[in-house]
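Commentary on secondary and tertiary structure
Each chain, written out:
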Amino acid sequence: MGKLIHIGFGNVVNTGKIIAIVSPDSAPVKRMVQKAKETGMAIDATQGRKTKAVLVMENSQIVLSALLPETISGRAQTEDGQTDEE
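Quick summary incoming for the structure in this document. Position numbers for residues start from 1 in each chain and track the written sequence from start to end. Totals for whole chains, interfaces and linings use all residues, but because this is a predicted model, local features are given only for residues with pLDDT of at least 70 and pairs of side-chain atoms are given and counted only at 80 or more. Side-chain calculation: all heavy atoms of the structure are included, whereas hydrogens and water are not.

Moving on, we get to the sheet that holds strand β5 (residues 53–57). Strand order across the open sheet formed by four strands is β3-β5-β6-β4, with mixed pairing between neighbours. Each end of this open sheet is capped by a strand with a single partner; those strands are β3 (18–22) and β4 (42–44). Each adjacent strand pair in this sheet contributes to an overall mean axis angle of 20 degrees, direction not counted. As paired strands, β4 and strand β6 (residues 62–65) are joined by three bridges and run parallel to one another. From the neighbouring strand, Ala-42 faces β6, where its bridge partner is Ile-62. Relative to β6, helix α1 (residues 27–39) is tilted by about 110 degrees, and along the sheet it contacts β3, β4, β5 and β6. Across the sheet, helix α2 (residues 69–77) is in contact with β3, β5 and β6; its angle to β3 comes to roughly 145 degrees. Two strands qualify as a pair provided DSSP detects at least 2 bridges between them. We count a stretch as a helix when DSSP gives it H or I for four or more residues in a row; a strand needs E for two or more, and each element gets its number in order from the N terminus. As a rule, the C-alpha atoms of each element are fitted with a line to give its axis, helices using only the stretch in contact, and angles between N-to-C directions run from 0 to 180 degrees. Pairs of residues are marked as contacts when any of their non-hydrogen atoms sit within 4.5 Å.

Structure follows, in structure tokens:
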């Protein structure tokens, strides 16, 4: 199992299962998110806030986060998954 990183509001994901971290602004990503919501494959970790990052997981699920992709990527690249913001 990979390490767990914080993606906002007390939610964590396994870094070993992440395929991509993308911005939700493009039309293809918006379609992917909508399809995942319709099929029950979306995990919404935004707590009602605006989605700023979409994490694509190995099992075809997607995780929606209110943190920027750069923030999540930085946390995934640090040794312990923590930043100075916490």
